[in-house]
Amino acid sequence: MAASSDHGLKKIVWKRIKETIITDCRKSDIWKILILDHFTTKLLSSCCKMSDLMAEKITIVEDLFKKREPVLEMKAIYFMTPTLKCVEAFIGDFEKKPKYKAAYVYFTDYCPDDLFNKMKSRCGKFIRVVKEINISFLPQEAQVFTCNNPEAFRSIYSPHSQDKRSTLETLADQIVTLCATLDEYPGVRYKKESNMENAKTLAELVDNKLAKHYELDDSAKKKGKTQAQLLIVERGFDPVSPILHELTYQAMAYDLIDIQDDTYRYKLKDGSEKQALLNEDDMLWVNLRHKHIAEVGGEIPKLVKEISASKQQPDEKITISKLAQMMKKMPSFRKQLNEKTTHLQLAEDCMKHFSNNVEKLCKAEQDLAVGSDVDGARVKDPMRTLLPVLLHPYTTYDKIRAVLLYIFSVNGTTDENLSKLIQHVKIEDEREFILNWKELGVPIIMSNQMSLFSRKSTRRDRSQEEKYNLSRWTPVIKDVMEDAVENKLDTKEWPHLSESPAAWNGSGAVSARQKHKPSAQDDRRTGSRLIVFVIGGVTYSEMRCAYEVTQAVKSCEVIIGSSHILTPTNLLDNIKALSKAPMETFTIEERSNA
């Protein structure tokens, strides 16, 4: 279990779990067992720690699908998703030989009648409680959520997909549980695209499901719209941001370093291996994650020096091995130093990659993405910007990224030109890395209808904000967030499916008259909420934008989410895999009849 968090979404989710599952079970003094499936294990791990559960008289946490010893004197809490697999595993615990004294069952979402009836008929006498608590999303960060479904990308965008509609239905259900957890009934809008319908379809599904969910609330009164807006957009809306090399700390680290399950593994000079979890329990990570690597590189050594000075260490060059020695000598400072040595090492790793390759790449990437050079002069011939990258011995993935940025910059290229580029990068047998972007509605081959698609919509002038030459690009979603907050979104480009109250204005100038009373679930928020959902994955740079806009506006909290979080490498791999036909599967009987 992760350590508990006092931040945003995680705090709200843990409070909701405590108010439902824990409060019900607190009525009994008997210590209990908590049984989780894979999703609910992730969910609880994201917002609480084992000591939090122990304080609530939950003494053991078990896996629903693993073999467990019976504990007949104890009651079991089942927190699970309403699927056939979970329900059958639950029935298996009670039908023949009961494992526990009684069961309290909590589903993350609506349980279909057939599953509920199956459970009731086969082991109803052991069930004390069955409730649906409406949390089927993961709170990744204070202002970021995911639906824990990377496979949704293939289901929605593959031409071979057979479960696109059901995937969109599931995502809609999950978005509704997010809104319910936040106690919001938002107005719904989507980005209209001439060649893609997914945003519209998902927006319609969410709007209908929200209406059904809020038809009657607990007090038997219809709930009206709240001061919130939900915007739904497709991944192809901004293909540049997921491909660029980002130089802010979190985005850069997840792009360049192999970080799995938010765990950073590294070696000290003495050969010993260490690992650190990059989450919101590490306040140094929270403070640094959205800063430019140039600032991070300057801040960490200063922090380490402060600690060294406090322990009367000589003023000398700080190294990882010296810090390790200090930690052995001073156990009381071990935790304090641990965070700082982790980030010193991670920042060093990032800078090593940067100085080896990324620095030279970044100038070309930024020029292609922004369409102008550092001095603001327009890039007249993007091919001249691209060629030095192709001629340099960069990795294949880096070259693919540069080629894509070139193609995006010219709004699609010719067949002949594309073939030459593919030969340059030596991916003749892996053309799908580039060609399959068409499945996202992004033009790769130029056609007469190119005018229908224009990535280069008018952008906000941020020339006064630019501090770093190699970080001039701003994700398009930030423009959208700012326009939404200021009520400037074009209704033709962003049609309303349902509108929030007329006074909605994220800037607070109008909404202040009709804002909610501050709720206990989030004391910080006194204005509106803007929820943004990106179909097909969200990037770390887009996540950062949610915090930046919230910080700038203060009266409007921006929350961003998707099916999953992207890195450039996993996006390219997923794009390439879109054209693969699904593997045929046969049962033994089918094979014998074939």
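Since the model is a prediction, treat every value here as computed from it, not as a measurement.

A.B. asks: Break down the overall build of the protein chain for me, citing the residues and quoting the values.
C.D. replies: Scanning the protein chain from terminus to terminus reveals 21 helices and 14 strands. Within the protein chain, the fraction of its 594 residues that count as buried is 54%. Expressed as a percentage of contacts within the protein chain between residues at least 6 apart in sequence, the contacts between residues at least 24 apart total 79%. Carbon and sulfur atoms make up 49% of the accessible area of the protein chain, which amounts to about 28100 Å² in all.

A.B. asks: Explain unusual backbone geometry residue by residue, including any values.
C.D. replies: For Asn134, which is not glycine, the phi dihedral falls at a positive 60°. Phi angles above zero are rare outside glycine, and Lys554 is one such case at about 70°. On the secondary structure map, Lys554 appears in the loop between α19 (540-553) and β14 (556-562).

A.B. asks: Give me the lowdown on helix α2 (residues 38-47), citing residues and values where you can.
C.D. replies: Of the residues making up α2, those classed as buried are Phe39, Thr40, Leu43, Leu44, Ser46 and Cys47. The buried residues of α2 occupy an angular sector of 160° when projected down its axis, which confines them to one face. Elements that come into contact with the buried residues of α2 comprise α1 (8-26), β1 (32-36), β3 (71-80) and β6 (138-141). Taking the backbone nitrogen of Phe39 as reference, a side-chain oxygen 3.1 Å away marks Asp37 as the first, capping residue of α2.

A.B. asks: Tell me about the pairing of strand β8 (residues 187-190), and please be specific about residues and values.
C.D. replies: Remember that side chains alternate between the two faces of the sheet whenever the strand is regular. Across the two faces of β8 the burial is the same, with Gly187 and Arg189 and Val188 and Tyr190 all buried. Where β8 lies against strand β9 (residues 228-234), 4 bridges are found, and the strand directions are parallel. In the sheet register, Tyr190 faces β9, and the bridge partner there is Ile232.

A.B. asks: Can you break down the sheet that holds strand β4 (residues 100-107) residue by residue, with the values?
C.D. replies: Ordered in space as β2-β1-β3-β4-β5, the 5 strands form an open sheet in which the pairing is parallel. Strands at the two margins of the open sheet, each flanked by one partner only, are β2 (58-63) and β5 (127-132). Here the average twist between neighbouring strands, direction ignored, is 20°. Bridge analysis of β1 against β2 gives 5 bridges, and the strand direction is parallel. Bridging from a neighbouring strand, Lys32 pairs with Ile58 of β2. Sheet strands in contact with α1 are β1, β2, β3, β4 and β5, and its direction is about 165° off that of β4. With respect to the sheet, α2 is in contact with β1, β2 and β3, its orientation differing from that of β1 by roughly 115°.

A.B. asks: Talk me through the side chain of Glu246; I want residue IDs and the actual numbers.
C.D. replies: Inspection of the secondary structure assignment puts Glu246 in the loop between β9 and α9 (249-256). Within the structure, the side chain of Glu246 is placed 2.5 Å from the side chain of Thr248, a separation counted as a polar contact. Beyond its immediate sequence surroundings of up to four residues, Glu246 is in contact with Ala251, Met252, Ser541 and Arg544.

A.B. asks: So what about the sheet that holds strand β13 (residues 528-535)? Which residues, and what values?
C.D. replies: In space, the 7 strands of this open sheet follow the order β6-β7-β14-β13-β9-β8-β12, with mixed pairing throughout. At either margin of the open sheet sits one strand with a lone partner, and together these are β6 and β12 (496-498). Pairwise comparison of adjacent strand axes, ignoring direction, gives a mean angle of 25° for this sheet. By the bridge criterion, 2 bridges tie β8 to β12 in an arrangement that is antiparallel. If you follow Arg189 over to β12, its bridge partner there is His496. Along the sheet, α19 contacts β6, β7 (144-146) and β14; its crossing angle with β14, the most-contacted strand, is approximately 170°.

A.B. asks: Explain the packing of helix α14 (residues 382-391) against helix α15 (residues 396-409) residue by residue, including any values.
C.D. replies: Geometrically, a packed helix pair is captured by the angle between its two axes and the distance between the axes. As a packed pair, α14 and α15 sit with axes 10 Å apart at the nearest point and diverge in direction by 175°. On the basis of their axis angle, the class for α14 and α15 is roughly antiparallel. Between α14, through Pro382, Met383, Leu386, Val389 and Leu390, and α15, the contact on the second element is made entirely by Lys399, Ala402, Val403, Tyr406 and Ser409.

A.B. asks: Explain the state of the cysteines residue by residue, including any values.
C.D. replies: Here is the idea: a disulfide is a covalent bond, and it sits between the sulfur atoms of two cysteines. Taken as a whole, this structure holds 0 disulfides when the rule is applied. Cysteine Cys48 is unpaired, with the sulfur of Cys47 as its nearest cysteine sulfur at 5.1 Å. With relative accessibility at 0%, the residue Cys48 sits in the buried group.

A.B. asks: Please provide a residue-by-residue account of the nonpolar core, values included.
C.D. replies: In terms of nonpolar packing, the biggest core is built from 149 residues, with Ile434 and Trp437 touching the most fellow members. Broken down by element, the residue count for this core peaks at 11 residues, all from helix α13 (residues 334-370). Listed in part, the 24 residues of the second largest apolar core include Ile33, Ala76, Tyr100 and Ala103.

A.B. asks: Please provide a residue-by-residue account of the pattern of salt bridges, values included.
C.D. replies: Side chains bearing opposite charge may pair, as long as their charged atoms lie close to each other. A complete count under the given rule lists 33 salt bridges for this structure. Ionic pairing is found between Glu95 and Arg122, a salt bridge with its closest N-O pair at 2.9 Å. Here Glu95 is found in the loop between α4 (84-94) and β4, whereas its partner Arg122 is found in helix α5 (residues 113-123), with 27 residues between them in sequence. Glu95 gets classed as partly exposed once you look at its relative accessible area, which sits at 37%. The salt bridge involving Lys438 is made with Glu439; its shortest N-O contact spans 3.8 Å. Assessed through its relative accessible area of 48%, Lys438 is described here as partly exposed.

A.B. asks: Any chance you could break down the packing of aromatic side chains for me, citing the residues and the numbers?
C.D. replies: By the definition in use, this model includes 16 aromatic pairs. Put simply, the rings of Tyr78, Phe90, Phe94, Tyr100 and Phe126 touch in pairs and so form one group of aromatic residues. The ring of Phe65 has Lys85 sitting right over it, with the charged end atom 4.5 Å from the ring centre. Against the face of Trp473 rests Arg459, its NZ or CZ located 4.9 Å from the ring centre.

A.B. asks: Provide a residue-level description of the environment of Met119, including the pertinent values.
C.D. replies: Following the sequence through the fold, Met119 ends up in helix α5. Residue class for Met119 comes out buried when judged on its relative accessible area of 1%. Separated by 29 residues in sequence, Met119 and Phe90 place their C-alpha atoms 8.0 Å apart. The contact partners of Met119, leaving out residues within four places of it in the chain, are Met80, Val87, Phe90, Ile91, Val105, Phe107, Gly124, Ile127 and Val130.

How each quantity is defined
Residues numbered from 1 in each chain as written. Predicted model: local features only at pLDDT ≥ 70, side-chain atom pairs only at ≥ 80, totals over all residues. Heavy atoms only, no water. Helix = DSSP H or I, 4+ residues; strand = E, 2+ residues; numbered from the N terminus. Buried < 20%, exposed > 50% of the residue type's maximum accessible area, 1.4 Å probe, protein only. Contact = heavy atoms within 4.5 Å. Areas by Shrake-Rupley, 256 points an atom, 1.4 Å probe, with all protein chains shown as cover. Arc of directions from axis to C-beta. Polar contact = N/O pair within 3.5 Å; in protein donor to acceptor, adjacent residues only side chain to side chain. Pairing = 2+ DSSP bridges. Axes fitted to C-alpha atoms, helices over the stretch in contact; angles between N-to-C directions. Parallel < 35°, antiparallel > 145°, perpendicular 65-115°, else oblique. Disulfide = S-S within 2.5 Å. Core = buried A, V, L, I, M, F, W, Y, C linked by side-chain atoms within 4.5 Å. Salt bridge = Lys/Arg side-chain N within 4 Å of Asp/Glu carboxyl O. Phe/Tyr/Trp six-rings, centres within 6.5 Å; stacked < 30°, edge-to-face > 60°. Lys NZ or Arg CZ within 6 Å of the ring centre and 35° of its normal.

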